[in-house]
Amino acid sequence: MRAWADGSRRAVDATVGGGGHAALLLAAGAEVLAVDRDPAALAAARARLGEDRIRYSSGPFGSGKVLGTIATFHPDRILLDLGVSSHQLDTDARGFTFRPGAPLDMRMGAGQGVTAAHVLNTWPAERLAAAFADLADEPRARRLARVIVKRRATAPLDTSDDLVNAIRETLGARSGPSDFARLFQALRIVVNQELEQLELALPALRAALVPAGRLAVITYHSGEDRIVKHTFRDWSKSCVCPPGQPVCTCRARSLGRVLTKKALRPAATELADNPRARSARFRAFEVATNG
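Residues numbered from 1 in each chain as written. Predicted model: local features only at pLDDT ≥ 70, side-chain atom pairs only at ≥ 80, totals over all residues. Heavy atoms only, no water.

Asks: How should I be thinking about the packing of aromatic side chains in this particular structure?
Replies: The relative placement of two aromatic rings is captured by the distance of their centres and the angle of their planes. Here the structure, examined in full by the defined rule, presents 5 aromatic pairs. Note on F232 and W235: the rings are 5.6 Å apart at their centroids and 35 degrees apart in plane angle, and the pair reads as tilted. Note that F232 and W235 are positioned in helix α12 (residues 222–236) at a spacing of 3 residues, about one turn of the helix. The rings of F98, F180 and F184 are connected pair by pair, giving a single aromatic cluster. Over the ring of F73 we find R10; its NZ or CZ atom is 4.3 Å from the centre of that ring. (Phe/Tyr/Trp six-rings, centres within 6.5 Å; stacked < 30°, edge-to-face > 60°. Helix = DSSP H or I, 4+ residues; strand = E, 2+ residues; numbered from the N terminus. Lys NZ or Arg CZ within 6 Å of the ring centre and 35° of its normal.)

Next up, the structure:
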């Protein structure tokens, strides 16, 4: 992370969360644009980092408003730290946790969009099953969806206990925190349209960088990491025409180079300080000097 930030003059931290990465970028001498869709996160970052050499933008990093702000900032570094912040996980009222009694909310932009409860209580079984299968690799996704539909016919699913009990009915008494974590994560990704936001934002973020600028993404989910890996790989190719096409009709040039041949993972010392980083993957791309 420090090596990636070296030499930066104008950097974007999206999402800023608790402000840790933004603090590193400021310490490296950069002017920083801090982005977050969570008003509480922006308030915490502002209280920690102040106003000197840093400005703030509220909204999802894939929104037109924020992407426009980033483009006019002309950054040489952009960092996306995906997933959920420790503050969000630790605040039961935000509904990201499977601790008892938490509301099924999970909205990163507090009060904006549909809640996890809305998804669980209104989506048809087929759509729920697809989400749990695709985003949580759950082999019994169809059965879990049927259990949820059966339970909501009697009473709506409103709290973490309701979803945990549905998971236990589906997976059995041996199901535990690791099962709850991945299924709650899948629901959170759906609620916040996280994969869609990422796919939408990546090309615009690359285009916003100055020549030789760098884009880095920290992912916490295999679906996120797959999108970033494939996108960076395609950008590094000089031709992306279908195999066997006799004449090149694409851009016919590389858009830059991948800086991380393999995703970088946290060191043991970092995991000792922050066990929640165990699933983190860091990938970076440098845009071509000709833009």
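Asks: What is the right way to look at the pattern of salt bridges in this model?
Replies: Two side chains that carry opposite charge are able to pair once their charged atoms sit near each other. Enumeration according to the criterion identifies 17 salt bridges in this entry. In this structure, R140 and E138 form a salt bridge, with 3.9 Å as the shortest nitrogen-oxygen distance. Owing to a relative accessible area of 4%, E138 belongs among the buried residues under this scheme. Between D234 and K237 there is a salt bridge, and its shortest N-O distance comes to 3.8 Å. The exposure class of K237 is partly exposed, given its relative accessible area of 34%. Salt bridges sharing common partners tie together E138, R140, D179 and R182. (Salt bridge = Lys/Arg side-chain N within 4 Å of Asp/Glu carboxyl O. Buried < 20%, exposed > 50% of the residue type's maximum accessible area, 1.4 Å probe, protein only.)

Asks: Honestly, unusual backbone geometry in this entry has me stumped. Any pointers?
Replies: Most peptide bonds are trans, and most residues other than glycine sit at a negative phi. Residue T15 follows A14 across a cis peptide bond; omega there is 15 degrees. With a phi close to 50 degrees, Q193 is a non-glycine residue in the positive phi region. A positive phi angle, near 70 degrees, is found at A212, a position not held by glycine. Structurally, the position occupied by A212 is in the loop between α11 (194–208) and β5 (214–219).

Asks: Hey, could you run me through the sheet that holds strand β2 (residues 31–36) in this one?
Replies: Strands in a sheet are paired, the pairing made by backbone hydrogen bonds, and the direction either parallel or antiparallel. Strands sit in the order β3-β2-β1-β4-β5-β7-β6 across an open sheet of 7 strands; the sheet is mixed. On the outer flanks of this sheet lie β3 (54–58) and β6 (256–258), each paired with one strand and no other. Shown here is a sheet whose adjacent strand axes are inclined to one another by a mean of 15 degrees, direction ignored. Sheet strands touched by helix α3 (residues 39–49): β2 and β3. Its angle to β3, the strand with the most contacts, is close to 175 degrees. Its contacts with the sheet put α12 on β5, β6 and β7 (281–287), and the angle it makes with β7 is roughly 25 degrees. (Pairing = 2+ DSSP bridges. Axes fitted to C-alpha atoms, helices over the stretch in contact; angles between N-to-C directions. Contact = heavy atoms within 4.5 Å.)

Asks: Can you help me understand the side chain of T219 in this one?
Replies: Tracing the sequence through the fold places T219 in strand β5. A relative accessible area of 1% means that T219 is categorised as buried. Apart from the residues lying within four places of it in its own chain, the contact partners of T219 are L82, E224, D225, V228, S279, A280 and R281.

Asks: Where do I start with the side chain of T231 in this structure?
Replies: In this fold, T231 is placed in helix α12. Residue class for T231 comes out buried when judged on its relative accessible area of 17%. One polar contact links the side chain of T231 to the main-chain carbonyl oxygen of I227, over a distance of 2.7 Å. (Polar contact = N/O pair within 3.5 Å; in protein donor to acceptor, adjacent residues only side chain to side chain.)

Asks: Please explain the pairing of β7 as it appears in this structure.
Replies: A regular strand places its side chains so that they alternate between the two faces of the sheet. With 6 of its 7 residues buried, β7 lies for the most part within the structure. Where β6 meets β7, 3 bridges bridge the pair, whose relative direction is antiparallel. Within β7, the position partnered with G256 by the bridge is V287.

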